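Residues per chain, in single letters:
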8 protein chains.
Amino acid sequence: MSADHIRLDFEREARLGFGEAIYCAGKNVAQIATILAQAAERGARFLLTRLDETNFNALPRHLCAALDYDAVSRTAYFGSAKEAPEQARVAIVAAGTSDVPVAAEAARTLRFYGQSAANINDVGVAGIWRLMERAEEIKKFQVVIAVAGMDAALVSVLGGLVPGVVIAVPTSVGYGAARGGETALAASLASCAPGVVVVNIDNGYGAACAALRILRAGTH
Amino acid sequence: MSADHIRLDFEREARLGFGEAIYCAGKNVAQIATILAQAAERGARFLLTRLDETNFNALPRHLCAALDYDAVSRTAYFGSAKEAPEQARVAIVAAGTSDVPVAAEAARTLRFYGQSAANINDVGVAGIWRLMERAEEIKKFQVVIAVAGMDAALVSVLGGLVPGVVIAVPTSVGYGAARGGETALAASLASCAPGVVVVNIDNGYGAACAALRILRAGTH
Amino acid sequence: MSADHIRLDFEREARLGFGEAIYCAGKNVAQIATILAQAAERGARFLLTRLDETNFNALPRHLCAALDYDAVSRTAYFGSAKEAPEQARVAIVAAGTSDVPVAAEAARTLRFYGQSAANINDVGVAGIWRLMERAEEIKKFQVVIAVAGMDAALVSVLGGLVPGVVIAVPTSVGYGAARGGETALAASLASCAPGVVVVNIDNGYGAACAALRILRAGTH
Amino acid sequence: MSADHIRLDFEREARLGFGEAIYCAGKNVAQIATILAQAAERGARFLLTRLDETNFNALPRHLCAALDYDAVSRTAYFGSAKEAPEQARVAIVAAGTSDVPVAAEAARTLRFYGQSAANINDVGVAGIWRLMERAEEIKKFQVVIAVAGMDAALVSVLGGLVPGVVIAVPTSVGYGAARGGETALAASLASCAPGVVVVNIDNGYGAACAALRILRAGTH
Amino acid sequence: MSADHIRLDFEREARLGFGEAIYCAGKNVAQIATILAQAAERGARFLLTRLDETNFNALPRHLCAALDYDAVSRTAYFGSAKEAPEQARVAIVAAGTSDVPVAAEAARTLRFYGQSAANINDVGVAGIWRLMERAEEIKKFQVVIAVAGMDAALVSVLGGLVPGVVIAVPTSVGYGAARGGETALAASLASCAPGVVVVNIDNGYGAACAALRILRAGTH
Amino acid sequence: MSADHIRLDFEREARLGFGEAIYCAGKNVAQIATILAQAAERGARFLLTRLDETNFNALPRHLCAALDYDAVSRTAYFGSAKEAPEQARVAIVAAGTSDVPVAAEAARTLRFYGQSAANINDVGVAGIWRLMERAEEIKKFQVVIAVAGMDAALVSVLGGLVPGVVIAVPTSVGYGAARGGETALAASLASCAPGVVVVNIDNGYGAACAALRILRAGTH
Amino acid sequence: MSADHIRLDFEREARLGFGEAIYCAGKNVAQIATILAQAAERGARFLLTRLDETNFNALPRHLCAALDYDAVSRTAYFGSAKEAPEQARVAIVAAGTSDVPVAAEAARTLRFYGQSAANINDVGVAGIWRLMERAEEIKKFQVVIAVAGMDAALVSVLGGLVPGVVIAVPTSVGYGAARGGETALAASLASCAPGVVVVNIDNGYGAACAALRILRAGTH
Amino acid sequence: MSADHIRLDFEREARLGFGEAIYCAGKNVAQIATILAQAAERGARFLLTRLDETNFNALPRHLCAALDYDAVSRTAYFGSAKEAPEQARVAIVAAGTSDVPVAAEAARTLRFYGQSAANINDVGVAGIWRLMERAEEIKKFQVVIAVAGMDAALVSVLGGLVPGVVIAVPTSVGYGAARGGETALAASLASCAPGVVVVNIDNGYGAACAALRILRAGTH
């Protein structure tokens, strides 16, 4: 696909409170370079998601230098992140080590749009005391993003513990009956805890956007 | 199942900000009566959901009288609803006539826990101008609950229009490829609009609980 | 189907340590009566499962009288249960009220074959402290049967807490994304807790048979 | 598979109004070369679809030279395209950048068989005003091919706006709940707009063939 | 659901060329009566689909009398059908006897909106000569609606024979691997015949609307 | 996996009338070499299936030389094929070019075990006259193996034409709604033609074994 | 659906060796009566399948009397069965009691078209010795129809034991993971025994038709 | 993902009787090295699972040397295995050659935690006598791990033969209708043998953990 087909939505920030992000999966290096050139021309800031290390490294030197890239989350900032309040209003809770990249995508998205988040990892329910030790801490956040694959049992436990908004991000971690994240997704939707909300599999970016909407909702 | 097996969670309100609701589907009249007796003893208020008109009418006279029942939403209030602010902070937008019962479950749940909601019906995207006419009105709400079956296209259109939180409630309306709500569910999760969150099929109650969490998140 | 087609397996007890059970779903009253007559002739004891109250009541008087029937579990004993040790070696833990019939099927099966079980209900993880309060008690059992529908998160929490054998029985409780028990089944199989084993949806009988095999395995 | 197994349908054009196309996915360079040799012998014109750039480049020099190849759509013309009327009767509307290759397959197919098409890109419903701005323009076409992945909400919006024939081409764009195009496919079939028709996932070629049938239907 | 929730789309005819139809499945007698009263007030004509004989008979006398009802197709006309040209431009071809109700829904819809159709039944491909005998006749129509369940093989055979537009309507006829019409749907979409288009399972109404769009496309 | 784990079933021929075949998919070159060594020691003949050209070429020289290898069908004979009657009793009918490798696997299997087959290719139903021209020829065979992917419509047409046994082999040819052969499989099972039998997707070997059983059944 | 739509295929017997059967599921009493009247006029014999006892009893007296009805298999003969050889060439092997109705449909179909079958019931593999005791007897048949639900393990065991043709009929017996017969179907198709063939779920009629084709194949 | 995110659960052994295992799939060489360094510091022993030969060979020399690696099972021991009783109490029974890696994962896990197992291979039910010959031997074990793909018929046969605990491990062996192990999984869950328990597809590790729980259950 040639890069002329790409038309960015420069007005999203005004409309929704956060700008368009460039989803890089399935785009080649030339296309990404063209997008960044368009953005540079207009002085626009952009978040890039799902940018593989290989693609990042293949970008022209000056573009690599212009990007603040993070390999774990596969995100890059073109332009600087907004200033964020010191006090995090969002907790990102990941069940296991393999869920960290998705949690990191959420954290980096929040940070770019001006919110900081507290990261709490390795609190999967197979060792429930690890989670219980941190329950009081987690309860204080207005929004809790729960990142979990396989059975996603963490989602329900948090949903029953926490009075804030719980956003479940099912991940594609696991094999066999985990079905590429479908089981975590269905379990999150069928959760016995009331008022848990869910985004797509591995969609850390979407969970962060939802958190941004929620935090804004409380302020007007 | 005998009614002694039922143990209510009287502390949920303190913990999460809204009390336990009694999901009546699959419970018989005797069980519902026992629950209400337990609640009456403790002076507890309760929301009942999925209470069929047949089951409602089969309850003992004095219990029928004690309940504020609504046949469309299949909900009943045992005890009076909390006072609600005049100004609705939540809009409940339903795509078609058949989505109304689910929308009504959300509205009744919000009302019981002290929030009023604005209802906007029959704005399915097959006649997009109906929705566009009301776009400015809908944009003002902090939370928008989008209730839609079949293709759930309403969810994505709202997600791109509205800066507030958009909670999708896919419904089981439709036949064939609608697959009992699975298509609306998947389409909502795969929405091209960023930061839309989703609850289970036909789960108007869950969407309302999420809205309660969100409105509370903004206040502490 | 005429009853002459039915051939019972009177030697199962010798072979496996527990006799054949009669699965009554899809059998009519005449067939069940014929089976009981065959059994009576040989002086055999039998467990009947999935026997609806309607079918039970439609049986000839003398057969009703000969059966020890339990409506919650839909089981009946033809012949008396084996003597059971006072001390239960199996705990049956049910997440919610709607899971009780399946839990009861497991309990009645164990009791018929000479094992008593402790029943622990309404400890779903949406209120995790209810489960944590009873953790020490549950840890003492050699076998824990975990009965849960929807997200089946209880299974993983127990699997990480308990050193004994955890047998998950996913139930068909729930709607929408619960998919008639498929989500609970997949979540149990994909559990992050090591060494949890799983039986079919709603299969309280099978879980009890597995427990019988396990308890026997420890004794020879 | 050796190339002798291949038997082309040289009479399709007489029968259906458009000739057989060579679907190159899963065929190797030798097979494609043999097919082109057969065609050349008979002086036949052919459309090739799903021809990867790698395979195209691996063809013998003289064949590369004989083909009018387009990398975006992965199509090639062997022989020249029919003359097309200046005035396009078909609009090809693509929701997002990633849908462009499928849209291009449709456009190139139409062009080969003598129809020109207007391309309208990046009008996904997450920014509904982009579509509304061009509504009057789109309404004028006799056939509108709507190319969209993920939730395919564009299909329903167009189906309700446009009096012409709307052919939905669901695409495999997206991840997780997009399920490789299955969600876009089901949403298109379950569309709330009446009289929308659907072809297989990513089947730009099929949509173009349908358009050719439709345009011909109007002329006899 | 109370009837006040229902808002009809009286402008659809102007916009799309055919008016809104009332899908009666899941609506009760009171709701249907209210809709007809609204329509009567405005002097509007309406098509009713999926109207069961039981519901039809339960309508008030004067409404029954006002409707032109057909039990096979479960459709009713409120107001008279448009005049139709004598010469049918659409053929409706049904594979087997059980597909006739869906075919009849298509025929009645076309007739209401001013098109007549030729019905060709019992030409399933298991007796291919029955179809071949009528091939020349079928080829003459501009639009062929192919109604078939189970394997839907009729769709592909027609798609290869007929130069006109072939609209497949998969039906829910069959059992087991027919999966309620899903197999016929998938087979129609995966058809080896080029340019076949597909509507939802059992959607005779939708196929007719598509045909109306197509016939109109040819005229402007 | 080391090769000592492999235990061949040298008695299958005596029991079933055809020997064990070595399914090479997922076996490495060392394992295949070990198997052939075992077979050589016992003077056994063996059929190898799913043997990729790459693996074949990587075998030790003397083994390559000892094998009669066919790249289209990915089969090899170790030891010579049984003598076959000149007159073929089985027809192998393939819908399209891409189905040929599966058809060839069936043909080579039959040949190894002493049956010859007639191959009839490119008779997919999208050009039904191609099939009809050969109908009389095909009707004469006792067994017809129908190899088809996508919609597998060929299966039903043959099932209604041919009095002999029709064995459907659905293939994984196609994309999108073809679902890797699942649609062809379901369509074959739901065929409207009576008495068609089906084997697994791409299982040309299994269809040939079934044909061997059938031909033998007629002789004792 | 009115009965005039029904067109019987009176020539099937000449073509395939067995006449058309009337599949009564979804047909009402009036339609069945009309069919029988058509058949009577032409002096045709017919098999009726899936005829519920309720529908049978609702037929006019004289038609009930004219039919040889069997409630277990839900089949009826209109006209007398062909004469059958005393010696059965087909064995019908059913895994459990609940599979008997499907087995009976196969037996009655064979009998009507002139073949007798041996019935072997209750040989499910959970008690493998029951099957092993009868292995020698079963091996003698040219065709073995294996009727089994749930895991359908019987199919593979027979496929490895028996040199004749093994036709698997998966049944819808079971619950939960049995998925209405889908598991038995998939397991039969994925069987480790070579050359097993499969028909649709619960399709006893289809298995019998396949057996008729096979027995005929041996004779010409 | 950087290695600092990894937090090991060093207390699992005390809690459950067996330590945490490192699931290496999806971890890179650097991460595995970091984990081993952490473990070495604390003097901890660890089991590594799903460690590809490529990854193993890429580890630093001294770590390779410190590991007891097995390529078939893809497991490694860091630290020495516990002493095991000579007498095996667990039998691991594999249906076919391709199931051996999963069986080996179970065996190696048991061995690391102090249990020896007897391995019985190539006893798939397509040659049932191979299994019957060893039935008496298998019956003596307290726990039988049944490893089988495709139709998993071995599970049911063992479940009916063996009085001990039967743990089914469905494998992803097979193609087409085997659906990557889903069919073996469903067939094991729907098994007609009572009291069989099931773990996730290819989960040899999980089956071994379950066996450890069971053997321990018998001793306290």
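Predicted model, so just to flag it, every value in this text is computed and none were measured.

## Description of the interface of chain E and chain D
Line of reasoning, step 1. Counting residues at the interface gives 33 residues for chain E and 33 residues for chain D.
Line of reasoning, step 2. Carbon and sulfur atoms make up 58% of the area that chain E and chain D hide from each other, which totals about 2800 Å².
Line of reasoning, step 3. Counting the surface chain E buries against chain D, the share from its top three residues, Leu-189, Pro-194 and Arg-213 of chain E, is 23%.
Line of reasoning, step 4. Counting across the chain E and chain D interface gives 0 salt bridges.
Line of reasoning, step 5. Summed over the shared surface of chain E and chain D, the number is 13 residue pairs in polar contact (both at pLDDT 80 or more).
Line of reasoning, step 6. Among the elements of the structure, α1 (12-16), α8 (153-161), β8 (165-170), α9 (182-189), β9 (197-198) and α10 (204-217) of chain E are those that each provide at least two residues to the side of chain E that touches chain D.

## A few points about the packing of helix α5 (residues 100-112) of chain H against helix α10 (residues 204-217) of chain H
Residues and elements named next belong to chain H.
Line of reasoning, step 1. Orientation of α5 relative to α10, taken along the N-to-C sense of each, is 40°, at an axis distance of 7 Å. In terms of their interaxial angle, α5 and α10 are classed as oblique. Classified by chirality, the crossing of α10 by α5 is right-handed. Of the residues in α10, those in contact with Val-102, Glu-105, Ala-106, Thr-109 and Leu-110 of α5 are Gly-204, Tyr-205, Ala-208, Ala-211 and Leu-212.
Line of reasoning, step 2. Here the residues of the contact of α5 with α10 are counted per class, giving 7 nonpolar, 2 polar and 1 charged.

## Description of helix α10 (residues 204-217) of chain B
Line of reasoning, step 1. Under the 1.5 Å per step criterion, the end-to-end length of α10 of chain B is 20 Å for 14 residues, consistent within 8% with the ideal 20 Å.
Line of reasoning, step 2. Counting buried positions over the 14 residues of α10 of chain B gives 13, a clear majority of the element.

## Let's talk about the relation of the copies chain E and chain D
Line of reasoning, step 1. By a simple turn and slide, chain E fits onto chain D: the slide is 0.0 Å along the axis, the RMSD is 0.0 Å, and the turn is 180°. Overall, the copies show the geometry of a two-fold rotation axis.
Line of reasoning, step 2. Comparing interface residues between copies, 100% of those in chain E also sit at the interface in chain D, which points to an isologous, same-surface contact.

## Observations regarding the confidence of the model for chain A
Line of reasoning, step 1. Mean pLDDT for chain A: 91, with 95% of residues reaching 70 or above.
Line of reasoning, step 2. Across the interfaces of the predicted complex, the ipTM metric reaches 0.94, alongside a pTM of 0.95.

## Some remarks on the environment of Cys-64 of chain A
Residues and elements named next belong to chain A.
Line of reasoning, step 1. Looking at where Cys-64 falls in the secondary structure, it is placed in helix α4 (residues 61-66).
Line of reasoning, step 2. Along the primary structure Cys-64 and Ala-33 are separated by 31 residues, whereas in three dimensions their C-alpha atoms are 10.0 Å apart.
Line of reasoning, step 3. Setting aside anything within four residues of it in sequence, one finds Cys-64 in contact with Phe-56 and Leu-59.

## A look at the interface of chain H and chain C
Line of reasoning, step 1. At the interface, 33 residues of chain H touch 33 residues of chain C.
Line of reasoning, step 2. Summed over both sides, the interface between chain H and chain C buries roughly 2800 Å², with carbon and sulfur atoms accounting for 58% of that surface.
Line of reasoning, step 3. Together, Leu-189, Pro-194 and Arg-213 of chain H form the three largest contributors to the area buried by chain H at its contact with chain C, with a combined 24%.
Line of reasoning, step 4. Across the contact surface, chain H and chain C share 0 salt bridges.
Line of reasoning, step 5. Elements with a contribution of two residues or more to the side of chain H that touches chain C: α1 (12-16), α8 (153-161), β8 (165-170), α9 (182-189), β9 (197-198) and α10 of chain H.
Line of reasoning, step 6. Top element by residues in the side of chain H that touches chain C is α10 of chain H. It accounts for 8 residues.

## Considering the pairing of strand β2 (residues 46-49) of chain A
Residue and element names in this part refer to chain A.
Line of reasoning, step 1. Judged by which residues are buried, β2 turns out to be covered on both faces: Phe-46 and Leu-48 on one side and Leu-47 and Thr-49 on the other are all buried.
Line of reasoning, step 2. Two elements, strand β1 (residues 21-23) and β2, share 3 bridges in a ladder whose sense is parallel. Residue pairing across strands places Ala-21 opposite Leu-47, the latter belonging to β2.
Line of reasoning, step 3. This β-α-β element, β1 to helix α2 (residues 29-41) to β2, shows right-handed connectivity.
Line of reasoning, step 4. Relative to strand β4 (residues 75-78), β2 runs antiparallel, the two sharing 3 bridges. Residue pairing across strands places Leu-47 opposite Tyr-77, the latter belonging to β4.

## As for the arrangement of the chains
Line of reasoning, step 1. A gap remains between chain C and chain E, which never touch, and the nearest two C-alpha atoms on either side lie 16 Å apart.
Line of reasoning, step 2. In this structure chain D stays clear of chain G, and the shortest span between their C-alpha atoms is 21 Å.

## Regarding the environment of Phe-141 of chain F
All names here are of chain F.
Line of reasoning, step 1. Mapped onto the elements, Phe-141 comes out in the loop between α7 (135-139) and β7 (143-148).
Line of reasoning, step 2. On the accessibility criterion, Phe-141 (11% relative accessible area) is buried.
Line of reasoning, step 3. The sequence separation of Phe-141 and Val-90 amounts to 51 residues, and the corresponding C-alpha distance is 5.7 Å.
Line of reasoning, step 4. Among all residues touching Phe-141, those that are not within four sequence positions of it are Ala-88, Arg-89, Val-90, Ala-91, Ala-118 and Gly-164.

## Some words on the sheet that holds strand β4 (residues 75-78) of chain C
Residue and element names in this part refer to chain C.
Line of reasoning, step 1. Ordered by their spatial adjacency, 4 strands build an open sheet running β1-β2-β4-β3, and the pairing between neighbours is mixed. Two strands in the sheet have a free side with no partner beyond their single neighbour: β1 (21-23) and β3 (67-70). Put simply, the sheet's adjacent strands are angled 20° from each other on average, direction ignored.
Line of reasoning, step 2. Looking at chain direction, β3 and β4 are connected through 4 bridges and run antiparallel. Residue Leu-67 lies in a different strand from β4, and its bridge partner there is Phe-78.

## Digging into the pattern of salt bridges
Line of reasoning, step 1. Going through the model one piece at a time under the given rule, you end up with 48 salt bridges over all chains.
Line of reasoning, step 2. Close ionic contact of Arg-50 of chain D with Glu-105 of chain D constitutes a salt bridge, the shortest N to O distance being 3.0 Å. You can see Arg-50 of chain D sitting in the loop between β2 (46-49) and α3 (53-58) and its partner Glu-105 of chain D sitting in helix α5 (residues 100-112), a full 55 residues away along the chain. Like Glu-105 of chain D, Arg-50 of chain D is buried.
Line of reasoning, step 3. A salt bridge links Glu-136 of chain H to Lys-139 of chain H, with the shortest nitrogen-to-oxygen separation between them at 3.0 Å. With Glu-136 of chain H and Lys-139 of chain H both in helix α7 (residues 135-139) and 3 residues apart, the pair spans about one turn of that helix.
Line of reasoning, step 4. Looking at Lys-139 of chain H, the relative accessible area reads 25%, which means it is partly exposed.

What counts as what
- Residues numbered from 1 in each chain as written.
- Chains lettered and ligands numbered in written order.
- Predicted model: local features only at pLDDT ≥ 70, side-chain atom pairs only at ≥ 80, totals over all residues.
- Heavy atoms only, no water.
- Contact = heavy atoms within 4.5 Å.
- Buried area = accessible area lost by both parts, 1.4 Å probe.
- Salt bridge = Lys/Arg side-chain N within 4 Å of Asp/Glu carboxyl O.
- Polar contact = N/O pair within 3.5 Å; in protein donor to acceptor, adjacent residues only side chain to side chain.
- Helix = DSSP H or I, 4+ residues; strand = E, 2+ residues; numbered from the N terminus.
- Axes fitted to C-alpha atoms, helices over the stretch in contact; angles between N-to-C directions.
- Parallel < 35°, antiparallel > 145°, perpendicular 65-115°, else oblique.
- Left-handed = near helix turned anticlockwise from the far one by under 90°.
- Nonpolar A, V, L, I, M, F, W, Y, C, P; charged D, E, K, R; others polar.
- Expected span 1.5 Å × (residues − 1).
- Buried < 20%, exposed > 50% of the residue type's maximum accessible area, 1.4 Å probe, protein only.
- Least-squares fit on C-alpha atoms with pLDDT ≥ 70 in both.
- pLDDT = per-residue confidence, 0-100.
- Pairing = 2+ DSSP bridges.
- Right-handed = clockwise from strand over helix to strand, strands pointing away.

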